[in-house]
Amino acid sequence: MLYHDIQIKANTETEDSFSQYEIHRHNSTKLILSTKRSGKILFLGAGNCNDIDLITMIHNFSEVHLLDLDKNALLKGLKRQNININDVYLHIKDITQIIDHYNKILRRSYIYQPDIKRAVELLNRLQFPCIVQLKNNFDVVVSQCIISQITFPITLILNNNIDRKFIETIQSFRDTLIRNHLLEMLNFLKEDGYGIVITDVVSSEAIPELRSIDNIKTLEDILYSCYFRLKSNYYGMNIAGTNILRYIDEYDEFKKLIKLLTPTHFETVKWKWTFSNNKHYIVEASIFQKNPKA
């Protein structure tokens, strides 16, 4: 299955799940509004908008922009929340910018290390943002559960008979995808603008005890435990590859991001999202501010 098809499939599978996003949507809306309540806001990978309270966003921001490669999902999302298309701005774009090469890898019956290295080389040469006309244009840019979306196909690559000795190369591919995603956000932001990265970091499928835990401190302990348990491995989307603070602190290629961030404004919050009786997630949200001196 190709990258575009994977994303379309994910949107289709959740298009009737608006009510199941209620808790998550409430928490993310509260977080966004606690950061800023005015100006222009951009949602990356908006999809079917299940995790966006569009009415509230339109009420608080002068412009609401939605970016996704799936136009049909965006239109259905607007209709579901009774939003007129003229009340928002739609941008149909793939934010990874390497969809063709991603597809080349996914088409193979066996993955070769040079394919992955070539993808990393391409990622390192990209220009940001993916829509140049919108550079330095937004007061708030939100990435909501999109890091797991852009890295999920890597799980399929791993399942495609790849030699396990290439794991470090795969991790480099993942890290570069996420680094580029952060750079994308920063390039969309105005000076002093806020970036909000909301990530579903682990599910009850991986950590069954999540089903019976609600205490935030216990959730944090689970995250800490998972981080060290999974750090040396790669399971597609995992704890070792999501927290922005850890990226900046531990990965050399992220050091250049430090000067782009205002050090006095960087925080992380967490919550539990009960999607259904059998599916639960720990969600981690990081808020950062673009440094005007960068």
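As shown above, the structure is provided for reference.
Rules and cut-offs
- Residues numbered from 1 in each chain as written.
- Predicted model: local features only at pLDDT ≥ 70, side-chain atom pairs only at ≥ 80, totals over all residues.
- Heavy atoms only, no water.
- Helix = DSSP H or I, 4+ residues; strand = E, 2+ residues; numbered from the N terminus.
- Buried < 20%, exposed > 50% of the residue type's maximum accessible area, 1.4 Å probe, protein only.
- Areas by Shrake-Rupley, 256 points an atom, 1.4 Å probe, with all protein chains shown as cover.
- Phe/Tyr/Trp six-rings, centres within 6.5 Å; stacked < 30°, edge-to-face > 60°.
- Pairing = 2+ DSSP bridges.
- Right-handed = clockwise from strand over helix to strand, strands pointing away.
- 1 Å grid on protein atoms, 1.4 Å probe; cavity = no way out; pocket = protein on both sides within 12 Å on 5 of 7 lines; lining within 4 Å.
- Points joined across faces, edges and corners; volume = space filled by probe spheres on them.
- Nonpolar A, V, L, I, M, F, W, Y, C, P; charged D, E, K, R; others polar.
- Axes fitted to C-alpha atoms, helices over the stretch in contact; angles between N-to-C directions.
- Parallel < 35°, antiparallel > 145°, perpendicular 65-115°, else oblique.
- Left-handed = near helix turned anticlockwise from the far one by under 90°.
- Contact = heavy atoms within 4.5 Å.
- Core = buried A, V, L, I, M, F, W, Y, C linked by side-chain atoms within 4.5 Å.

### Some thoughts on the overall build of the protein
A tally of helices and strands in the protein yields ten helices and seven strands. Put simply, the protein has 294 residues, and 57% of those count as buried. As displayed, the protein offers around 13500 Å² of accessible surface, 48% of which is attributable to carbon and sulfur atoms.

### Description of the packing of aromatic side chains
According to the stated counting rule, one finds five aromatic pairs in the structure shown. Measuring from ring centre to ring centre gives 5.8 Å for Tyr 21 and Phe 275, while their planes differ by 80 degrees; the resulting arrangement is edge-to-face. Of this pair, Tyr 21 sits in the loop between α1 (3-14) and α2 (22-35) while Phe 275 sits in strand β6 (residues 261-276), and the two are 254 residues apart along the sequence. The pair Tyr 21 / Phe 275 is uniform in exposure class, with both members buried. Ring plane angle 75 degrees and centroid distance 5.7 Å describe the contact between Trp 273 and Phe 275, whose orientation is recorded as edge-to-face.

### Concerning the pairing of strand β1 (residues 40-44)
Burial runs high along β1: four of the five residues are buried. Sheet topology places β1 next to strand β2 (residues 63-68); five bridges connect them, and they run parallel. Paired with Lys 40 across the bridge in β2 is Glu 63. The parallel pair β1 and β2, bridged by helix α3 (residues 54-60), forms a crossover whose chirality is right-handed. Of the strand pairs in this sheet, β1 and strand β4 (residues 138-144) are connected by four bridges, and their pairing is parallel. The residue of β4 that forms the bridge with Ile 41 is Val 140.

### Observations regarding empty space enclosed by the protein
Within this structure, the stated rule accounts for five cavities of 30 Å³ or more. The space that makes up the largest cavity amounts to roughly 110 Å³. Together, 13 residues line the largest cavity, and Gly 45, Asp 68, Leu 69, Ile 146 and Gln 149 are the ones closest to its centre. When contributions to the lining of the largest cavity are tallied by element, the ones reaching two or more residues are α1, β2 and α7 (147-158). The greatest single-element share of the lining of the largest cavity, amounting to three residues, is contributed by α1. Among the residues forming the lining of the largest cavity, the class breakdown is six nonpolar, four polar and three charged.

### As for the packing of helix α6 (residues 113-124) against helix α8 (residues 167-188)
The contact between α6 and α8 brings their axes to 9 Å, and the two run at 20 degrees. By the criterion of interaxial angle, the relationship of α6 to α8 is roughly parallel. Like other packed secondary-structure pairs, α6 and α8 cross with a definite hand, here left-handed. Note on element contacts: α8 touches α6 through Thr 169, Ile 170, Ser 172, Phe 173, Thr 176, Leu 177, Arg 179 and Asn 180, opposite Gln 113, Ile 116, Lys 117, Ala 119, Val 120, Leu 123 and Asn 124. Class assignment for the residues of the contact of α6 with α8 results in seven nonpolar, six polar and two charged.

### A short note on the nonpolar core
The nonpolar side chains of a soluble globular protein tend to be buried with one another. Ranked by internal contacts, the top residues of the largest apolar core, which has 30 residues, are Ile 41, Phe 43 and Leu 66. Not counting chain neighbours up to four residues away, the residues in contact with Ile 41 comprise Ile 32, Met 57, Phe 61, Glu 63, Val 64, His 65, Phe 138, Val 140 and Val 142. Core analysis: the next-biggest nonpolar cluster, separate from the first, contains 20 residues, Ile 131, Leu 134, Leu 189 and Phe 288 among them.

### Side note on the pairing of strand β5 (residues 189-203)
With respect to burial, β5 is a largely interior element, twelve of its 15 residues being buried. Sheet topology places β4 next to β5; six bridges connect them, and they run parallel. From the neighbouring strand, Gln 144 faces β5, where its bridge partner is Ile 198. In terms of strand pairing, β5 meets strand β7 (residues 279-290) through nine bridges, oriented antiparallel. In the sheet register, Ile 196 faces β7, and the bridge partner there is Ile 287.

### Concerning unusual backbone geometry
A negative phi angle is the norm for most residues apart from glycine, just as the trans form is the norm for most peptide bonds. In the Ramachandran plot, Cys 49 falls in the positive-phi region, its phi being about 65 degrees despite a non-glycine side chain. Looking at the element boundaries, Cys 49 is found in the loop between β1 and α3. A relative accessible area of 0% means that Cys 49 is categorised as buried. The backbone of Asn 82 shows a phi angle near 55 degrees, a positive value even though the residue is not glycine.

### Some points on the side chain of Asp 139
Structurally, the position occupied by Asp 139 is in strand β4. Classification of Asp 139 as buried rests on a relative accessible area of 14%. Not counting residues within four places of it along the chain, the set of residues in contact with Asp 139 comprises Lys 36, Ser 38, Gly 39, Lys 40, Leu 189, Lys 190, Gly 193 and Tyr 194.

The analysis is restricted to geometry; functional conclusions fall outside its scope.
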